[in-house]
Amino acid sequence: MRGRRSGGGSGRQGPTLFEAAAQRDPALKATMPLAERSRPHALGDMLGQEHLLGEGKLLARAIAADRVPSMILWGPPGSGKTTLARVVAGATKARFVPFNAVLGGVPELRGILEEAREARGYEGKRTILFVDEIHRFNRAQQDAFLPHVEDGTITLIGATTENPSFAVNAPLLSRCKVFRLQPLGAEQLVELLRRALSAPEGLNGAVEADEDALSAVAALAQGDARRALTTLEIVADEASRMGTSRITRDLVAGTTEQKTLLYDKSGEEHYNVISAFIKSMRGSDPDAAIYWLMRMVEAGDDPLFLLRRMIIFASEDVGNADPKALEVAVAADAAFRRLGMPEGMYPMAQAALYLATAPKSNACTVAWQAAQSAVKDKGALPVPMKLRNAVTALMRKEGYGQGYRYAHDEPDAVVEGETYLPEELSGERFYEPSGRGYERSVAERLARLRGGGSG
């Protein structure tokens, strides 16, 4: 086989000289960042991603059976993509070769692929090639992987923060299984911080931390494990400088130069602030709406939760007064999922301001709730015969569809005087447009239709 190569594309399977020295010398190991020292090495030590790594899940079964497919790990920074790849390396019998798409290029990649081919041909060994930030490769560069993934020379594990639908070319994507990693939850981050405080490879009990201080660090991290551990390390260093071995919430706030806006995301204050946000949009106050939105974002609330609330609001409180409101809210959600933070704040703020300034109507809410009540009160009323679907001769003989008038055959596509509700509900009005915004036109048209005139 060819000699081992230096640099980011090295096909090494063991530790580097620095890593080996760090394992022997605790003082040298302590110079490594806490986030790196605290990285889990076994599947059972990983936190979060239960949808992928829980008992019986596809990826967990594949790792346990050493039958890992080529895959793309898609998730935000600090969600565990690199850690998961290293866990795979520890659990597999294959060669594991890390490669960074920022630091390495196609020529270096060709050398790695040649080594993988030789390892397979001469030693019968598979090679797992981990490509961090695979989205940094353009589509032509990504094509270099195709034949080697297809013939089994390598098992590719790509990691990306970008949506693979846009960041990975279609031929490569079709040969890989996409696994989406989620940001870690607050409880998972707190557990991660507890481990780092006590673990020998972490802070080794040098400092203690109050629970609300750990919750504050977790909230500031916004789902990013690396950020949480880095913040903990900074705060621990500051505690040591101050001559104390205890980390408090005030120390976290002071060290991170942020106000103590943090709150328990499952507690009362969370619901108070989200209530203020919704009511500010409902009250058409964009200044208050954007303030409460930023209060929650800065406190570490889940942006996807806030976007979900705005999508609900677009239908519940704006409705057909401005049908575009729902489009704006859904588009903001989609844009945020593609952009992440901090760029995702632009569409999120835009949606909040749009919803706050849009005309308001809860007529849709009232309509479906009234119709729901009618269904519950009256039960399953029979469909009028004229509205039934006469698909067989027997149905037609029984009167199915008789008397039905096709709306498009009538002037203005409206059948004057026709009714479509069950007879017992004839004349019921569930939807009453507000007369605000676009619903003003809807109200005028409905008034003509319900009055017997044409629209």
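This structure is a prediction, so every number in the text was calculated from the model and none was measured. (Residues numbered from 1 in each chain as written. Predicted model: local features only at pLDDT ≥ 70, side-chain atom pairs only at ≥ 80, totals over all residues. Heavy atoms only, no water.)

## Comments concerning the confidence of the model for the protein chain
The following threshold applies: Per-residue confidence from the prediction method is given by pLDDT, with values spanning 0 to 100. Between two residues, a contact is recorded if the distance between any of their heavy atoms is within 4.5 Å.
Scored by pLDDT, the protein chain has a mean of 83; 90% of the residues are at 70 or more. Here residues 1–14 is a poorly scored stretch, pLDDT under 50, and it has 36 contacts once near neighbours within four places are set aside; other chains count. Across residues 259–264, confidence stays below pLDDT 50; counting only partners more than four residues off in sequence or on other chains, it has 18 contacts.

## Considerations on unusual backbone geometry
Going by this rule: In DSSP terms, a helix is any run of H or I states spanning at least four residues, a strand is any run of E spanning at least two, and both are numbered starting from the N terminus.
Across the junction of Met341 and Pro342, the peptide omega takes the value 5°, indicating a cis bond. With respect to the helices and strands, the residue Pro342 is situated in the loop between α19 (324–339) and α20 (345–357). Despite not being glycine, Asp66 shows a phi value in the positive range, around 55°. Following the sequence through the fold, Asp66 ends up in the loop between α5 (58–64) and β1 (71–74).

## Side note on the pattern of salt bridges
Going by this rule: Every case where a carboxyl oxygen of Asp or Glu lies within 4 Å of a side-chain nitrogen of Lys or Arg is listed as a salt bridge. To sort residues, take the accessible area from a 1.4 Å probe on protein chains only and compare it with the maximum for the residue type: under 20% means buried, over 50% means exposed, and anything in between is partly exposed.
All told, the structure shown has 16 salt bridges when counted by the stated rule. Close ionic contact of Glu233 with Arg37 constitutes a salt bridge, the shortest N to O distance being 3.8 Å. A residue pair is termed long-range when its members are at least 10 positions apart, and Glu233 in helix α14 (residues 225–241) and Arg37 in helix α3 (residues 34–37) qualify at 196 residues. By relative accessible area, Glu233 is classed as partly exposed at 21%. For Arg37, a relative accessible area of 9% puts it in the buried group. One salt-bridge network, held together by shared partners, links Glu191, Arg194, Arg195 and Glu211.

## Remarks on a nonpolar patch on the surface
In plain terms, the rule: Patch members must show over 30% relative accessible area and no salt bridge, and they are joined within 9 Å when carrying like charges or within 5 Å when they are nonpolar side chains of Val, Leu, Ile, Met, Phe, Trp or Tyr. In these tables, accessible area is a Shrake-Rupley quantity obtained with a 1.4 Å probe, and a residue counts as shielded only by the protein chains included in the view.
Residues Tyr404, Tyr406 and Tyr420 make up a contiguous nonpolar surface patch of roughly 350 Å² in combined accessible area. Relative to the helices and strands, Tyr406 resides in the loop between α22 (393–397) and α23 (439–450). For Tyr406, a relative accessible area of 45% gives the class partly exposed.

## Quick look at the environment of Asp224
This is how it is decided: Identification of polar contacts relies on pairs of N or O atoms within 3.5 Å, with a donor-acceptor requirement for protein atoms, meaning one able to donate a hydrogen and the other able to accept it, and with residues adjacent in sequence counted only if both atoms are side-chain atoms.
With respect to the element layout, Asp224 can be found in the loop between α13 (211–221) and α14. Judged by its relative accessible area of 9%, Asp224 is buried. In this structure the C-alpha to C-alpha distance between Asp224 and Gly78, which are 146 residues apart in sequence, comes to 4.2 Å. Aside from chain neighbours lying at most four places away, what touches Asp224 is Pro77, Gly78 and Leu189. At 3.0 Å, the side chain of Asp224 and the backbone nitrogen of Arg227 are in polar contact.

## Concerning the pairing of strand β2 (residues 95–100)
Threshold: Any two strands with at least two DSSP-identified bridges between them are counted as paired. Seen with its strands pointing away from the viewer, a crossover is right-handed when the path leading from the first strand over the helix to the second is clockwise.
Counting buried positions over the six residues of β2 gives five, a clear majority of the element. Looking at chain direction, β2 and strand β3 (residues 127–132) are connected through six bridges and run parallel. In the sheet register, Phe99 faces β3, and the bridge partner there is Val131. Crossover β2 to β3 through helix α7 (residues 106–123) is right-handed.

## Considerations on the sheet that holds strand β4 (residues 154–160)
Just so we agree on the cut-off: Lines fitted to the C-alpha atoms define the axes, with helices restricted to the stretch that makes contact. Angles between their N-to-C directions range from 0 to 180 degrees.
The parallel open sheet is built from five strands, whose spatial order is β2-β3-β4-β1-β5. Of all strands in the sheet, those bounded by a partner on one side alone are β2 and β5 (177–180). If you compare each strand with its neighbour and ignore which way they point, the axes differ by 20° on average. Running over the sheet, α7 touches β2, β3 and β4 and is turned about 175° from β2.

## Some points on α14
For clarity, the threshold we go by: One fewer than the residue count of a helix, multiplied by 1.5 Å, yields its expected span. Our arc is simply the arc of the directions from the helix axis toward the C-beta atoms.
Here α14 is 17 residues long and its end C-alpha atoms lie 24 Å apart, about the 24 Å a rise of 1.5 Å per residue gives. Among the residues making up α14, those that are buried are Ala225, Ala228, Leu229, Thr231, Leu232, Val235, Ala236 and Ala239. Buried residues in α14, looked at end-on, bunch into an arc of 160°, giving them a common side. Pointing more than 90 degrees away from the buried face of α14 are the exposed residues Asp237 and Arg241. Lining the buried residues of α14 we find α3, α12 (186–198), α13, β7 (246–247) and α15 (249–255). In the stretch just after α14, Gly243 is the one whose phi turns positive, near 80°.

## Describing α20
Taking 1.5 Å of rise per residue, 13 residues should cover 18 Å, and α20 covers 18 Å from first to last C-alpha, within 8% of that figure. All buried positions along α20 are accounted for by Met345, Pro347, Met348, Ala349, Ala351, Ala352, Leu355 and Ala356.

## Notes on the packing of aromatic side chains
For any two aromatic rings, the description comes down to two numbers: the centre-to-centre distance and the angle of the planes. Quick reminder of the rule: Planes of paired rings set the category: under 30 degrees apart is stacked, over 60 is edge-to-face and the rest tilted, where pairs are Phe, Tyr or Trp rings (Trp by its six-membered ring) whose centres lie within 6.5 Å. Ring-over charges, as used throughout, are those where CZ of Arg or NZ of Lys falls within 6 Å of the ring centre and within 35 degrees of the ring normal.
With the rule as written, the count across this model stands at four aromatic pairs. With a centroid separation of 6.3 Å and an interplanar angle of 15°, the aromatic rings of Phe96 and Phe130 are classed as stacked. Here Phe96 is found in strand β2, whereas its partner Phe130 is found in strand β3, with 34 residues between them in sequence. The exposure class of Phe96 is buried, given its relative accessible area of 13%. Take Phe130: its relative accessible area is 5%, and that puts it in the buried class. A network of ring pairs unites the aromatic residues Phe99, Phe137 and Phe145 as a single cluster. Stacked on the ring of Trp74, the Lys or Arg Arg180 has its end atom at 4.0 Å from the ring centre.

## Remarks on the pairing of β1
Residue alternation in β1 divides its side chains into two sets, Met71 and Leu73 and Ile72 and Trp74, and both sets are buried. Bridge count between β1 and β4: four bridges; the pairing is parallel. Bridged to Leu73 within β4 is Ala159. Inspection of the sheet shows β1 paired to β5 by four bridges, in the parallel sense. Note that in β5 the partner of Trp74 across the bridge is Arg180.

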